[in-house]
Structure formats: C-alpha cells, structure tokens
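Below are the chains, spelled out letter by letter.
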Amino acid sequence: VEEAQAGQSRSDFVHKMSIALKEARETNYWLRLLEAGEMLPKEKLTEILKESEEIKKIIGAIIVSSKK
C-alpha cells in the first residue's frame, strides 16, 4: 500500500494495490493455518482474522473505486 501511494499513474496505483491485496490474502491464509494447527489461542486469532478480512475488503474497495 505504501508503494501504491507513490504510484506513477492510476494504473500503476491499481497494480500495486492488487499486489497488496494478494499479500493480504496470503497473510489471511497463514493465519487460518495457525488457527487450524491450534498454534495460538483461538480468541486472539479470531480478532486478528477479523481484522485481516477487513483489510482485504478495504483494499478491494480501493481497487474497485480506483478503476472507475
């Protein structure tokens, strides 16, 4: 997201935000693996997973609105 803010054009911004979304999705995947493996307390992971989902939604909304 930091790189996207310095994008040289709208398409560059969208491209870099798309990369940020992919990274957020991967983070969410690893968090779910931690949850499945019971590596951290479920209460802690539940909140982190919720925040991770929100971040993905925000980045996705930015991408959609930037393409208009």
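This structure is a prediction, so every number in the text was calculated from the model and none was measured. (Residues numbered from 1 in each chain as written. Predicted model: local features only at pLDDT ≥ 70, side-chain atom pairs only at ≥ 80, totals over all residues. Heavy atoms only, no water.)

In this structure, what is going on with the overall build of the chain? I would like to understand it.
Scanning the chain from terminus to terminus reveals three helices and zero strands. Order of helices (α) and strands (β) in the chain, N terminus to C terminus: α-α-α. Compactness check: the chain gives a C-alpha radius of gyration of 14 Å against a globular reference of 11 Å for 68 residues, more than 25% above the reference. Seen through its C-alpha atoms, the chain measures out along the principal axes to roughly 45 × 15 × 15 Å. Sequence separation of at least 24 residues holds for 58% of the intrachain contacts in the chain that already meet a minimum separation of 6. Summed over its atoms, the accessible surface of the chain is roughly 5,200 Å², and 57% of this surface lies on carbon and sulfur atoms. (Helix = DSSP H or I, 4+ residues; strand = E, 2+ residues; numbered from the N terminus. Rg over C-alpha atoms; globule rule 2.2 N^0.38 Å. Contact = heavy atoms within 4.5 Å. Areas by Shrake-Rupley, 256 points an atom, 1.4 Å probe, with all protein chains shown as cover.)

So what exactly am I meant to see when it comes to the nonpolar core here?
Soluble globular proteins: nonpolar side chains tend toward being buried together. Ranked by size, the top nonpolar core spans seven residues in total: Ala4, Val14, Met17, Ala20, Ala24, Ile59 and Ile63. A per-element tally of this core places helix α2 (residues 10-36) first, with four residues. Each residue touching isoleucine 59, except ones within four places of it in the same chain, is listed here: Val1, Met17, Ala20, Leu21 and Ala24. (Core = buried A, V, L, I, M, F, W, Y, C linked by side-chain atoms within 4.5 Å. Buried < 20%, exposed > 50% of the residue type's maximum accessible area, 1.4 Å probe, protein only.)

Would you explain the pattern of salt bridges in this entry?
Oppositely charged side chains may form a pair once their charged atoms are brought near each other. Taken as a whole and judged by the stated rule, the model has three salt bridges. Close ionic contact of aspartate 12 with lysine 16 constitutes a salt bridge, the shortest N to O distance being 3.3 Å. Residue aspartate 12 and its partner lysine 16 are both found in helix α2; the two are separated by four residues, about one turn of the helix. We classify lysine 16 as partly exposed; its relative accessible area is 24%. For glutamate 53, the salt bridge identified is with lysine 56, shortest N-O distance 3.5 Å. Of this pair, glutamate 53 and lysine 56 both sit in helix α3 (residues 42-67), three residues apart, which is roughly one turn of that helix. (Salt bridge = Lys/Arg side-chain N within 4 Å of Asp/Glu carboxyl O.)

Looking at this model, I keep getting lost on unusual backbone geometry. Mind explaining?
Both trends apply: most residues other than glycine have a negative phi, and most peptide bonds are in trans. In the Ramachandran plot, glutamate 38 falls in the positive-phi region, its phi being about 50° despite a non-glycine side chain. A relative accessible area of 69% places glutamate 38 in the exposed class.

How should I be thinking about the side chain of serine 52 in this particular structure?
One can find serine 52 in helix α3. Given the relative accessible area of 7%, serine 52 is considered buried.

Any functional reading would require information that these geometric values do not contain.
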